[in-house]
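An overview of the molecular structure
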Amino acid sequence: MGIRNKIKEKLFGSKGKMAGRVAIVTGARRGIGKGIALALAKAGAAVVVSDISLEECQLVCNEITKSGGKAFPVRCDVSVSAEVRQMVDAAVKKFGRVDILVNNAGILRFEPFLDMKEETWDSVMNVNLKGCLLCSQAAARQMARQGTGGKIVNITSIAGLSAFPQIAAYNASKAGIISLTKSMALELASDKINVNAIAPGAIDTPMTKDMLADEQTKQGFLRNIPRGRIGVPADIANAVLFLASDEADYITGTVLVVDGGWICHL
Ligand code: NAD
């Protein structure tokens with residue numbers, strides 16, 4: 001084993017297909033982001049757990065380190081460029097590099113189209129779409145400097161491939177993420193940076209808690225899901241593990257739908 005690998009093993013451990021990789025996951029204090037952070041850490045990556053609450057990021061990190069993984073909490077509002085730059089700098093300072101970015105942070109706001117406030121549009125676009133742009137730019141600049149390539153995985157939604165009522169800003173932001181994924185895939189390929197998106201269907205998280213607590217809504221969802229169950233964060237984390245791995249080296253600019261078959265009805 002070469003000295004570089006020996007150092008890597010000492011720093012990151014030798015187990016798991018992500019050993020030696022450094023990942024940043026945004027919106028990782030709970031829900032899908034937390035599931036992704038736990039899965040990447042279990043696969044051996046050192047994970048920067050980022051979200052708007054440092055305390056809650058720290059709790060996720062504690063969970064990871066208790067099971068022998070490596071994690072570091074960073075508070076970052078993805079819609080603020082200075083905070084995003086600080087997040088990437090903190091990752092490099094702590095773990096030396098950035099190999100994987102998962103743009104997971106997102107918000108959902110319900111408003112009928114005719115009554116939608118400008119503020120609703122702006123906040124949804126700022127977090128979901130601009131956040132994806134800012135984090136990707138900052139992380140990709142670092143990956144390009146490293147010269148060893150990287151993987152960016154954007155969490156969009158089946159709402160970005162079709163549309164659901166009362167959430168026009170969300171639909172548009174998620175469609176925007178799909179377009180941005182393709183633009184980034186084109187422009188970053190020469191730096192060996194792959195950019196892909198995952199489009200979840202209905203996943204059981206704090207974002208969908210109220211909807212799923214309403215039995216009628218839940219049954220309505222289930223009628224549309226051929227696989228017959230609501231998804232869990234691990235369903236999305238498994239897809240991230242694939243797209244962030246070496247096995248996905250020739251995949252870029254795609255959208256992987258993880259929805260139990262819901263999109264087949266849309
Ligand atoms: P969630 O609300 O549980 O988690 C979203 C996280 O993003 C939260 O921890 C929140 O603090 C964080 N966040 C919000 N604004 C932020 C900001 N400005 N900066 C940094 N972090 C911020 O929701 P979730 O269901 O886990 O959603 C995760 C992602 O998956 C989102 O992008 C969401 O749109 C997408 N998604 C979810 C579902 C679903 O059914 N749950 C379906 C499709 C897509």
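Preceding this paragraph is the structure being described.
These notes cover the structure that comes with them. (Residues numbered from 1 in each chain as written. Predicted model: local features only at pLDDT ≥ 70, side-chain atom pairs only at ≥ 80, totals over all residues. Heavy atoms only, no water.)

Neither face of strand β4 (residues 100-103) is left uncovered, since the one carrying Ile100 and Val102 and the one carrying Leu101 and Asn103 both have all their residues buried. Summarising the sheet, strand β1 (residues 22-25) and β4 pair through three bridges and their orientation is parallel. Each residue of the ladder has a partner; that of Val25, found in β4, is Val102. Pairing geometry for β4 and strand β5 (residues 150-155), over four bridges, is parallel. Counterpart to Leu101 in the pairing with β5 is Ile152. Each parallel crossover has a hand, and for β4 linked through helix α5 (residues 118-146) to β5 it is right-handed. (Buried < 20%, exposed > 50% of the residue type's maximum accessible area, 1.4 Å probe, protein only. Helix = DSSP H or I, 4+ residues; strand = E, 2+ residues; numbered from the N terminus. Pairing = 2+ DSSP bridges. Right-handed = clockwise from strand over helix to strand, strands pointing away.)

Another aspect to go through is the pattern of salt bridges. Counting across every chain of the model gives 10 salt bridges. With a shortest N-O distance of 2.8 Å, Arg97 and Asp99 are connected by a salt bridge. The same class applies to Arg97 and to Asp99, which are both buried. One salt-bridge network, held together by shared partners, links Arg29, Asp51 and Glu56. (Salt bridge = Lys/Arg side-chain N within 4 Å of Asp/Glu carboxyl O.)

A few words on the state of the cysteines. What the rule picks out here adds up to zero disulfides. Here Cys57 stays free of any disulfide, with the sulfur of Cys61 as its closest cysteine sulfur at 6.7 Å. Judged by its relative accessible area of 0%, Cys57 falls in the buried class. Note on Cys135: no disulfide assigned, nearest cysteine sulfur contributed by Cys76 at a separation of 5.5 Å. (Disulfide = S-S within 2.5 Å.)

On to the site of the ligand. Close to the ligand lie 28 residues, the nearest being Arg30, Asp51, Asn104, Tyr170 and Thr205. Here an oxygen atom of the ligand sits 2.7 Å away from a polar atom, N or O, in the side chain of Arg30. The separation between an oxygen atom of the ligand and a polar side-chain atom of Lys174 is 2.9 Å. Contact with the protein chains removes 96% of the 820 Å² of surface that the ligand exposes when unbound. Its atoms largely coinciding with the cavity grid, the ligand occupies the largest pocket. Those elements giving two or more residues to the shell around the ligand turn out to be α2 (31-42) and α6 (168-188). (Near = heavy atom within 4 Å. Polar contact = N/O pair within 3.5 Å; in protein donor to acceptor, adjacent residues only side chain to side chain. Areas by Shrake-Rupley, 256 points an atom, 1.4 Å probe, with all protein chains shown as cover. 1 Å grid on protein atoms, 1.4 Å probe; cavity = no way out; pocket = protein on both sides within 12 Å on 5 of 7 lines; lining within 4 Å. Sits in = over half its atoms within 2 Å of the grid points.)

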